[in-house]
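# Topology and contacts: notes
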Amino acid sequence: TWDSHSTTADGYQKLPGAGGLIMQWGFAFANNGASTGIFAMPITFPNAIFGAWANGLNNSVGTYNCSVTAQTTSTLNIFNGQPAPCNLYWYAIGY
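What counts, and where the lines are drawn
Residues numbered from 1 in each chain as written. Predicted model: local features only at pLDDT ≥ 70, side-chain atom pairs only at ≥ 80, totals over all residues. Heavy atoms only, no water. Helix = DSSP H or I, 4+ residues; strand = E, 2+ residues; numbered from the N terminus. Buried < 20%, exposed > 50% of the residue type's maximum accessible area, 1.4 Å probe, protein only. Contact = heavy atoms within 4.5 Å. Areas by Shrake-Rupley, 256 points an atom, 1.4 Å probe, with all protein chains shown as cover. pLDDT = per-residue confidence, 0-100. Core = buried A, V, L, I, M, F, W, Y, C linked by side-chain atoms within 4.5 Å. Pairing = 2+ DSSP bridges.

### Here's the deal with the overall build of the protein
When helices and strands are counted, the protein shows 0 helices and 8 strands. Taken from N to C terminus, the helices and strands of the protein fall in the order β-β-β-β-β-β-β-β. With 95 residues in all, the protein has 34% of them scored as buried. Residue pairs in contact within the protein that sit at least 24 positions apart in sequence constitute 61% of those at least 6 positions apart. Only carbon and sulfur atoms are counted for the fraction: they give 54% of the accessible area of the protein, which is about 5200 Å².

Here it is as structure tokens:
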């Protein structure tokens, strides 16, 4: 059913009839440039993660260069390549 979900800022949706496919998303803050933060996802993917992406937010300094550099079934490593802190959104899909 579509009842397996959390629609909070850091949330997930289990897709019924899709072989256990799960989408997860969230909002995070990465420290000053050339640093990597480790962020926990709302739930652990029970089998595998297919991929994850991060998108830095644009502010008065400019567009931030944030990217996922490593992933497990429960965490994401997100690198901030800019000289300032970075607010970002992330998205992951797995099963």
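Next comes the rest of the write-up.
### Concerning the confidence of the model for the protein
Should the pLDDT be low somewhere, the predicted coordinates at that spot are not to be read in detail. With 86% of its residues at a pLDDT of 70 or more, the protein has an overall mean of 84. The least confident element of the protein is strand β1 (residues 5-6), whose mean pLDDT is 80; the most confident is strand β2 (residues 11-14), at 94.

### What about the side chain of Ser6?
In this structure, Ser6 sits in strand β1. Given the relative accessible area of 18%, Ser6 is considered buried. In this structure Ser6 touches Gly11, Tyr12 and Trp25, once residues within four positions along its chain are discounted.

### Quick word on the nonpolar core
Core analysis: the largest hydrophobic core is formed by 18 residues, its most contacted members being Met41, Ile49, Leu76, Ile78, Leu88, Trp90 and Ala92. Of all the elements in the fold, those that place two or more residues in this core are β3 (22-30), β5 (49-56), β7 (75-80) and β8 (86-94).

### Here's the deal with the environment of Asn32
Turning to its location among the elements, Asn32 is positioned in the loop between β3 and β4 (35-40). Owing to a relative accessible area of 43%, Asn32 belongs among the partly exposed residues under this scheme. Taking the C-alpha atoms as reference, Asn32 lies 4.3 Å from Pro85; in sequence the two are 53 residues apart.

### A word on the sheet that holds β3
Strand order in the open sheet made by the 5 strands is β1-β2-β3-β8-β5, with antiparallel pairing throughout. Edge positions in the sheet fall to β1 and β5, since each of these pairs with one other strand and no more. Bridge count for β1 against β2 is 2 bridges, and the pairing is antiparallel. When the bridges of β2 are listed, Ser6 appears paired with Tyr12.

### Some points on the pairing of β3
On β3, burial follows the alternation: Ile22, Gln24, Gly26, Ala28 and Ala30 on one face are buried, whereas Met23, Trp25, Phe27 and Phe29 on the facing-out side are not. Bridge analysis of β2 against β3 gives 4 bridges, and the strand direction is antiparallel. Across the sheet, Gly11 pairs through a bridge with Trp25, a residue of β3. The sheet contact formed by β3 and β8 spans 9 bridges and is antiparallel. Across the sheet, residue Ile22 finds its bridge partner in β8, namely Gly94.

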